[in-house]
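This is what each chain is made of:
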Amino acid sequence: MPLVIALLVVAVTLYVHLAVLGRSATSSVAGGVPISGGDVPSWLNGIPGTGGGARDTSAIWPPAPPDARAQPIGMPGASRSSSTDYVFMHTVTGVGGPPVAWDPCRPIHLLVNNAEAPPGADQLVREAVASVSSATGLKFVIEGITTEAPTERRAPLDRSRYGDRWSPVLVAWTDPSAVPDLQGRVAGLAGPSGAPYYTADQQHWVSGTVSLDGPQFREILQRPGGWASARAIVMHEFAHLVGLNHVPAPSQLMYEDNVGQTGFGPGDLEGLRQLGLGRCFTA
Ligand SMILES: [Zn+2]
């Protein structure tokens, strides 16, 4: 078996805690986890007052989209496993708590930038998405293609571009000249973005990016077993997108290097199963 080594790293997640200090609207945007001080992203600058109270998110979250349901759209396909070889990006209440997850009552929308897409790129994405969807029960909708370029800190809410909804996930076939973090052996980079929140139980993922190094995938695809390796890397990145972090066990696909794994291991699947059981925020 060829030894494919592709270092995969996690993008910085945009994740802002709106700590409530007193009752005035202007003091509601303060503090940050993990962003702090003046590091609040610019898209938060225009947040209107909280109106109905300190925990009212109606002024800071867009309305539920038309395809949101009252119940989870799907259920995780994997059965419960005793494996503990998984790590979440964030947990709701600290170590050992339930993971911060996507809302399972609404589909995750994707837009694809094919600027550096290798041959078979669409099928790689479709197959990787199908495997993550099956493991989590989360549904994905590929809206189409975009020319939006990946950026280091992409706003989860961009009304000028996408209207009054969370930005669709940007899946970008790109290269290290556009995304410097893809330099060297790094084949992909992905992470979710969180909704701003007041209370711990409001935390959930609403957008994100998946950046894939097109030229490096072209090379991987030419090797023996290249398709399975390439697909595994895209699966790894989509598992980041739904909330899994790297795990120390080399037997799992969420190990930070790809050392020949072509599918999810029992720990990966258990983590993905739990990520499919998030809370619905659809009123
Ligand atoms: Zn990774």
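My aim in this report is to walk through the structure given alongside it, one point at a time. (Residues numbered from 1 in each chain as written. Predicted model: local features only at pLDDT ≥ 70, side-chain atom pairs only at ≥ 80, totals over all residues. Heavy atoms only, no water.)

## Some thoughts on the packing of aromatic side chains
Scanning the entire structure with this criterion turns up 4 aromatic pairs. Taken together, a centroid distance of 5.6 Å and an interplanar angle of 85 degrees make the contact between W61 and F281 edge-to-face. Of this pair, W61 sits in the loop between β1 (8-10) and β2 (87-88) while F281 is found in the segment after α5 (266-275), placing the two residues 220 residues apart along the sequence. By the burial criterion, W61 is buried, and F281 matches it. Each ring, one from W173 and one from F217, has its centre 5.1 Å from the other, and the planes form 90 degrees; the classification is edge-to-face. With W173 in strand β5 (residues 169-174) and F217 in helix α3 (residues 214-221), the pair connects residues that are 44 residues apart, well separated along the chain. Relative accessible area serves as the criterion here: at 0%, F217 is assigned to the buried category. (Phe/Tyr/Trp six-rings, centres within 6.5 Å; stacked < 30°, edge-to-face > 60°. Helix = DSSP H or I, 4+ residues; strand = E, 2+ residues; numbered from the N terminus. Buried < 20%, exposed > 50% of the residue type's maximum accessible area, 1.4 Å probe, protein only.)

## Some points on the pairing of strand β3 (residues 108-113)
A large share of β3 lies buried, amounting to 5 of its 6 residues. As paired strands, β3 and strand β4 (residues 140-145) are joined by 5 bridges and run parallel to one another. Considered in β4, the bridge of L111 is made with G144. Regarding topology, helix α1 (residues 121-136) serves as the crossover connection from β3 to the parallel β4, and that connection is right-handed. Summarising the sheet, β3 and β5 pair through 4 bridges and their orientation is parallel. (Pairing = 2+ DSSP bridges. Right-handed = clockwise from strand over helix to strand, strands pointing away.)

## Details of the pairing of β5
Counting buried residues along β5, 6 of its 6 residues qualify, which places the element largely inside the surrounding structure. As judged from the 5 bridges shared by β5 and strand β7 (residues 205-213), these two strands associate in the parallel manner. Directly across from V171, in β7, lies its bridge partner V210.

## Some remarks on the state of the cysteines
A complete count under the given rule lists 1 disulfide for this structure. Note on cysteine connectivity: C105 is disulfide-linked to C280, with sulfurs 1.8 Å apart. Taking the sign of the S-S torsion, about 75 degrees here, the bridge from C105 to C280 comes out right-handed. Taken together, the residues C105 in the loop between β2 and β3 and C280 in the segment after α5 connect sequence positions 175 residues apart. The class of C105 is buried, set by a relative accessible area of 0%. Residue C280 is classed as partly exposed on the basis of its relative accessible area, which comes to 23%. (Disulfide = S-S within 2.5 Å.)

Purely geometric stuff here, so don't read any function into it on its own.
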